[in-house]
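Take a look at the letters that make up each chain.
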Amino acid sequence: MAERGALWLLSLLCLTFLCTESAAAKHVDKGSAAQPFSPFWFTVEPQDTLAIRGNSAMLNCTTHSDAATPTRIEWKKDGTFMSLVSDERRHILPDGVLFFNHVVHSKHNKPDEGTYQCVATIDSLGSISSRTARLAVAGMPRFASQPAPSTVRLGDSQVMACEVNSDLVPFTRWEKDRQPLELSTRLLLLPSGALVINNASEADAGLYRCLVENVGSSKTSDEAQLQVLPETEDERKPEFLVQPAAVIKVVGNSVLLPCVVSGFPAPNVRWMLGDKLLQESEDRLELLAGGSLQIFNLTEEDAGVYTCMADNSNATIEAQAQLTMQVPPQFIKRPANIYAHESMDIVFECEVSGSPAPTVKWVKNGDAVIPSDYFKIVKEHNLQVLGLVKSDEGFYQCLAENDAGNIQSSAQLVILDHDVSLPSFPPPSLTPNTTDHVTPGSGGVAGPAGPTPTAPRDVVASLVSTRFIKLTWRQPAEPHGDEITYSVFYSLEGTSRERVVNTSRPGEMQVTIQSLMPDTKYRFRVVAHNSNGPGESSAALKVATQAEVQVPGPAPNLQAVSNTPTSVSLSWDKPLTGNGELLTYKLYYIDKTFGTEQDVDIDGQSYNMNGLKKNTEYSFRVVANNKHGPGVSTEDINVRTLSDVPSAPPQNLTLEVQNSKSIMLRWQPPPLSGQNGEITGYKIRYRKGSRRSEAAEITGGTQLSKLIDGLERGTEYSFRVSAVTVNGTGPATDWTATETFESDLDESRVPDQPSSLHVRPLINSIVVSWTPPENQDIVVRGYTIGYGIGSPHAQTIKVDYKQRYYTIENLDASSHYVITLKAFNNVGEGIPVYESAITRPQSDPTDPDVDLYELFPAPYTPVPDPSPMMPPVGVQSSVLSHDTIKVTWADNSLPKNQKITDNRFYTVRWKTNIPANTKVKMANTTSLNHMVTGLKPNTLYEFSVMVTKGRRTSTWSMTAQGTTFETIPSSSPKDVTVVSKENKPRTIIVNWQPPSEANGKITGYIIYYSTDVNAEVHDWVIEPVVGNRLTHQIQELTLDTTYYFKIQARNSKGMGPMSEAVNFRTPKTESSDKMANDQASNLPPKQGPSGNQDPQDPGTSVGKSGVGSNSENHIVVIIIIISVGAFTIIVVVVGAFLCTRRTTSHQKKKRAASKSANGSHKYKGNAKDLKPPDLWIHHERLELKPMDKSPDPNPVMTETPIPRTSQDITPADSGLENNPHLQQRRNSYRESVRNTPSTEPLPPAAAASSQASCPSEIMADPEGSYHGSSTTEEEPSYSSNLPPHRSAHPHAHAHPLKSFAVPAIPATSYPSYESPALPSTPLLAQSGPPTHPHVVKTASIGTLGRTRTPMVVIVPNAPDVPETSKMLEDVDSVLASLPPCPSPAPRSNPVPLPQNYEPDELTEEMAHLEGLMKDLNAITTAP
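Residues numbered from 1 in each chain as written. Predicted model: local features only at pLDDT ≥ 70, side-chain atom pairs only at ≥ 80, totals over all residues. Heavy atoms only, no water.

Novice: Report on the overall build of the chain, specifying residues and quantitative values.
Specialist: Each helix and strand in the chain was counted, giving 14 helices and 91 strands. For the chain, the proportion of contacts with a sequence separation of at least 24, taken over those separated by at least 6, is 66%. Accessible surface computed for the chain: about 74100 Å², of which carbon and sulfur atoms make up 52%. (Helix = DSSP H or I, 4+ residues; strand = E, 2+ residues; numbered from the N terminus. Contact = heavy atoms within 4.5 Å. Areas by Shrake-Rupley, 256 points an atom, 1.4 Å probe, with all protein chains shown as cover.)

Novice: Which residues make up the pattern of salt bridges, and what values go with them?
Specialist: Taken as a whole and assessed by the stated rule, the structure comprises 40 salt bridges. In this structure, Arg-685 and Glu-694 form a salt bridge, with 3.8 Å as the shortest nitrogen-oxygen distance. Given the relative accessible area of 30%, Arg-685 is considered partly exposed. Glu-694 sits in the partly exposed class, given a relative accessible area of 30%. Its salt-bridge partner being Arg-904, residue Asp-902 comes within 3.0 Å of it at the nearest N-O pair. The class of Arg-904 is buried, set by a relative accessible area of 5%. Taken together, the salt bridges that share partners define one network made up of Asp-87, Arg-89, Arg-90 and Asp-112. (Salt bridge = Lys/Arg side-chain N within 4 Å of Asp/Glu carboxyl O. Buried < 20%, exposed > 50% of the residue type's maximum accessible area, 1.4 Å probe, protein only.)

Novice: Kindly report on the sheet that holds strand β78 (residues 974-981), identifying the contributing residues and their values.
Specialist: A sheet is described by the order of its strands in space; here three strands give the open sequence β78-β79-β82, paired in antiparallel fashion. Across the chains shown, the open sheet's two edge strands, defined by having one partner strand only, are β78 and β82 (1031-1034). Looking at each pair of strands side by side, their axes are set apart by 20° on average, direction ignored. Two elements, β78 and strand β79 (residues 984-993), share six bridges in a ladder whose sense is antiparallel. Looking at β79, one finds that Val-978 is bridged to Val-990. (Pairing = 2+ DSSP bridges. Axes fitted to C-alpha atoms, helices over the stretch in contact; angles between N-to-C directions.)

Novice: Could you give an account of the state of the cysteines, with specific residues and numbers?
Specialist: A complete count under the given rule lists four disulfides for this structure. The partner cysteine of Cys-259 in its disulfide is Cys-308, sulfur to sulfur 1.9 Å. An S-S torsion of about -70° defines the bridge between Cys-259 and Cys-308 as left-handed. Taken as a pair, Cys-259 in the loop between β22 (255-257) and β23 (260-264) and Cys-308 in strand β28 (residues 304-311) lie far apart in primary sequence, 49 residues in all. (Disulfide = S-S within 2.5 Å.)

Novice: I'd love a proper account of unusual backbone geometry, names of residues and values included.
Specialist: A cis amide bond, omega -5°, links Phe-264 with the succeeding residue Pro-265. One can find Pro-265 in the loop between β23 and β24 (268-273). The peptide bond linking Ser-355 to Pro-356 adopts the cis configuration, its omega dihedral lying at -5°. Secondary-structure assignment places Pro-356 in the loop between β32 (351-355) and β33 (359-364). In this structure, Lys-379 is a non-glycine residue whose phi angle is positive, near 50°. One can find Lys-379 in the loop between β35 (375-378) and β36 (382-385).

Novice: Could you give an account of the confidence of the model for the chain, naming the residues involved and the relevant values?
Specialist: Detail in the predicted coordinates should be disregarded across regions flagged by low pLDDT. With 71% of its residues at a pLDDT of 70 or more, the chain has an overall mean of 74. Note that pLDDT drops below 50 for residues 1072-1112; the model gives that stretch 33 contacts with residues more than four away or on any other chain. Segment residues 1143-1395: pLDDT under 50, and 365 contacts once partners within four positions in sequence are set aside and those in other chains are kept. (pLDDT = per-residue confidence, 0-100.)

Novice: Describe the nonpolar core, with residues and values.
Specialist: The nonpolar side chains of soluble globular proteins are, as a tendency, buried together. Ranked by internal contacts, the top residues of the largest apolar core, which has 25 residues, are Ile-346, Phe-348, Trp-362, Leu-383, Leu-388 and Leu-413. Looking at this core, the elements that each hand over two or more residues are β30 (338-341), β31 (346-348), β36, β37 (394-402) and β38 (405-416). At five residues, the largest contribution of residues to this core is made by β38. Core analysis: the second largest hydrophobic core is formed by 22 residues, Met-82, Ala-120, Val-137 and Phe-395 among them. (Core = buried A, V, L, I, M, F, W, Y, C linked by side-chain atoms within 4.5 Å.)

Novice: Lay out the sheet that holds β37 in plain terms, naming residues and giving numbers.
Specialist: Strand order in the open sheet made by the five strands is β30-β38-β37-β33-β34, with mixed pairing throughout. Among the strands making up the open sheet, the edge pair consists of β30 and β34 (367-368). Note: β33 against β34, two bridges, orientation antiparallel. When the sheet's bridge partners are listed, Lys-364 is paired in β34 with Asp-367.

Novice: Summarise a nonpolar patch on the surface; cite the residues concerned and give the values.
Specialist: Nonpolar side chains collect at one region of the surface, where Ile-1130, Val-1134, Phe-1137 and Leu-1138 lie side by side and expose about 280 Å² of accessible area between them. By relative accessible area, Ile-1130 is classed as partly exposed at 34%. (Patch = residues over 30% accessible without salt bridge, like charges linked within 9 Å, V, L, I, M, F, W, Y side chains within 5 Å.)

Novice: Break down the packing of aromatic side chains for me, with residues and values.
Specialist: Counting across every chain of the model gives 20 aromatic pairs. In textbook terms, an aromatic cluster arises when at least three aromatic residues are bridged by ring pairs, as seen for Phe-348, Trp-362 and Tyr-396. The ring centre of Trp-735 lies 3.9 Å from the NZ or CZ of Arg-687, which sits over that ring. Its guanidinium or amino end placed over the ring of Trp-956, Arg-909 lies 4.1 Å from that ring's centre, counting from NZ or CZ. (Phe/Tyr/Trp six-rings, centres within 6.5 Å; stacked < 30°, edge-to-face > 60°. Lys NZ or Arg CZ within 6 Å of the ring centre and 35° of its normal.)

Novice: Give me the environment of Tyr-618: which residues, what numbers.
Specialist: Of note, Tyr-618 is situated in strand β52 (residues 617-626). Residue classification places Tyr-618 among the buried positions, given a relative accessible area of 5%. On a C-alpha basis, the gap between Tyr-618 and Asp-636 in space is 9.8 Å, while along the polypeptide they are 18 residues apart. Among all residues touching Tyr-618, those that are not within four sequence positions of it are Tyr-589, Ile-590, Asp-591, Lys-592, Leu-612, Lys-613, Ile-637, Asn-638, Val-639 and Thr-641. Here Lys-613 takes part through its backbone nitrogen, which lies 2.9 Å from a polar atom of the side chain of Tyr-618. (Polar contact = N/O pair within 3.5 Å; in protein donor to acceptor, adjacent residues only side chain to side chain.)

Novice: So, the environment of Tyr-787: which residues are in play, and what are the values?
Specialist: If you trace the backbone, Tyr-787 turns up in strand β65 (residues 782-789). As a C-alpha pair, Tyr-787 and Glu-835 span 48 residues in sequence and 9.6 Å in three-dimensional space. Excluding anything up to four places from it in sequence, Tyr-787 contacts Pro-792, His-793, Ala-794, Gln-795, Ile-797, Ile-808, Leu-811, Tyr-817, Val-818 and Ile-819.

Novice: So, the environment of Leu-1030: which residues are in play, and what are the values?
Specialist: Along the chain, the position of Leu-1030 falls in the loop between β81 (1021-1026) and β82. Taking relative accessible area as the criterion, Leu-1030 reaches 30% and is therefore assigned partly exposed. For the pair Leu-1030 and Val-990, spaced 40 residues apart in the sequence, the C-alpha separation amounts to 8.3 Å.

Now the structure itself:
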């Protein structure tokens, strides 16, 4: 019994041991047996096929698989599975091929044409889909064009047309005389089907036709005769018979770019890709039929613009075409097979390339993957699957497609049981939140057998929100290990797809689940892991997220409309979502120019917002409020308030006189707050003088300047400008006045040094007066006065160009001031003139009778106390080169030999006169000169010197100036831009800016342009441009061509560097408006707005305003004036004739008397140099002016330059315009004035007067100009006996920049200028008794390098001789009794006038006067 019991116990132990071993072995097998991936792919996929109607066709499809289950092949057409069970015409062969017995295709029935796809399925694994393939059916042969009878000359080329569909070209062939034509390099079939015959010979003559065969039905074109003509050897320009056209090709294929050219001599054809010349020697290129380009095995680099250039001795032509390359999709990264567990997140990667960029879609087991919450496309093309379930197993395919083709690649997903560890090869692709928490495993070998943890305890949701839930739990009761990790599985209630989140570190017993949906129920369970694997799962915990507070949604249909310039009407609808009654709406608005948001509470669903800014963009949004608070805001809506007329005038109006007939206006727009809309233009109103009548000009909205021309010389004009919007014209600026020049002056250089500078010191002020520069042909726009104690650079004042004196106030008494004066214009400041003065001491009484404006030489300035160092004197600058100036000076504190024996040193300071560059540089030296180097070329520098000895220093010396020489430009023109001219595609406009380092005045530019940026410089086309231009048009360019442009500047020293090449491509086609423009260009030109032809011309209306109203009132006065003037002229001529009758002995006596009177002066020269200067007496100003002789030895006087008032001038001008003869005479007079260097022609009487008068009694202006009313070439004068009327402005008709006259003592009346000493005064006779015995005037004369004190001019009273006849009788006696005149001051270049007139000259003059009288009679008798 005991033995039996022991046997049973032994048997039980053995059975237990065997069961344990079996269980362990089973566990090991289960842990290591990961299901292997099943190979499954396509070995042959369908390809694009061209089928022939009625013939058979097939699409191949073959797969490879190791599975025991056979593969099932199905086909899709246009995305839908085909049902072929009862289809007798189409069926699937055993190897998977889709076979068509005969293809059906007609105009209205095309059942076989479409896109096909093969789908292979293994029931135990899944399905895969092939690439798609297109089955096309060749259409019915049709000819778009057929051969036509043609001729060709020997050796030339010809094209026989035969245009068919592109898919039928492979089935096209040609016949000549009904015999097949063999193609060669001379006979070429074009992509269109046409035949090219190159280098024609007599054998090419015959009948040609093209045939389309082997497409179900053949078709033959018409026959056409080709005649071969002998070559006449007449030159013919190249002409395109066929040009290349844009084409799209796939990489790896071939392309033929046709280019057929005719001409004699035979044109040479070359091809270019972009800027590169193609060589036929390249392996993949071949030139066919004399010009067409064949490219084999195309690559992406072959894409671009191809240019066919043909040239012979007559001309060169070219044509372009774009070759676009397409690249089929290619895989950069294919999707990989993946092992995963349920609830994990995985990513299939797929990266492709191609041109155009491919589109990617994903397929699972043959069905398209639709993106959802669990299937997402990430990182452009990757597929992410969240919360895997067992049904997700299968084959996933990435399909990429573009215009060039499509490809596919597949990967298998295998989901393992949780107790099977993930193999380490191949590595799985996991999302970031699971990558570091893969279930432990070691290459498929399970760890040692052992217990796994029990379920975690007390799983609770410690925090529940609308979008997340926080879970916590306790450790399992039996963890069976120390390193315990946890996985939290969660899913939507009612679904089996779980997602998993792992804890971040061992021992952590809480996790937060993010990205949940509000008000949704979820199921949560927690699994613990130890070294043996996952343990038991906790019980499912159901938790619902909180519902979001139901605040109102956005208010739909928000609209805003501007009704007025200051208001906007808004409206909206009630929000679609909300929880409870809406309380209010809050309207937010913001001025987008400032960015401060404001709000207003509204009860309704509309609101009218007032008080807004005009023409301002505002942004509005609406937020609805309920008891829970503010809801979701609407999208911002922008609206601009309406515009209005400007409320402010333009700013900063400036007037700049350009010349004698034009004024440039410049201004700035009104401030933004006053524009009230888009400025569409500016209205300029101007008037002459104080007249009320105005003229108007309109400019464009962006134009901020306007040149007003056609004005009168020496006339004051007033201007004002107003801004214009679409709503109207705003307020205008104040009237601003300026005066045109009396004559045109030069402003290409700075003014010269003022001719004189006088200072008069007082106690606390200094009166400064000056005269203009002697060279009055340069524009002076003002003067700069600098002054300071010891240095003129302490203070600066600018005054107007009309000003001739200025009082410097607020000075210190008994102080030594240095004063400098410089004239300036728009070019810059001229050379300064210096003067110094010491203000009077405080105790010095001021003479109340002193005339502060009297001009006299500066008083003697004593040398100041030498205790401070005296500044160096005699500072001079010598320009040595374009960057070097030598500065020298003297030191009065040194001995006479200027030898330095102590330790003093000098500091040289220099700076430019450029306002933007105020940097001052200094250098020290111990000698009396310094070489300043490193200067900028063509730049004016100012130098001053200071001496330092120990602790004593001097003030800065007077400045010396020097302008460095020019040198070639060291930089190229900048900001080069090229734009196309509107409506003229063959014309471009090149714009640029001058070089930043011009190093001199730019005298010109050279524009280089070429189609080859790498061409030699001498191969570029050159366009010269003058230096004052910064834009240039280039015409007749080739369309659709890239041009390169460079610009080079030059000055007087040479050429600068070229700018960088700027490329521009002309448009591809002519403008659609070209025909209209061409027709418009043939129309007769319209009369422009300027000129006298236009009666509406504003300038004309201004210039003549007031004339018509006064002409009728003064017609009688005009007739009297003209009659008396003509009579006076006759009398003067007769008197001059009598003068010529004087005997020779009488003339000799006069010369002897004159010589004896002048003998007390000593001159270096002969007797003819002793003649006094020729003077012109201006009766109104009482000044004598020198007159230049006319270059004509026998001048013919056509006008009598007697000054008069503007009231006298106007009627004469009116009559002149009405009489063509007088108009012609005035024009001839203008021409004579233009061609003569003298300022006025000298009448005979005036010549006699200049001989008889005493020049020493009257001051003469050395420049030859006179003041007051004057006769100009615009206003020819006639004689007048009326008393002169003095203008209120003494310089009303004198150019303010040309001369200077000291204001004279005003006279209460105007005396007669007849005098025994002036025998020619009958020409100047004026009525009215004299009221004063003498009239005293002062005048000043500017001489070179010095000034003179004013001299008193005494004009003797003239006897009252009212009878002209008596004056004529006494001419000889008056001439004989003239006293000898004292010798005048010497002149540098005296110009004598003729001493008498010859009879022939007088006869010619009388004939001219007779013609003048006839014209005057015609005026007086005109109605």
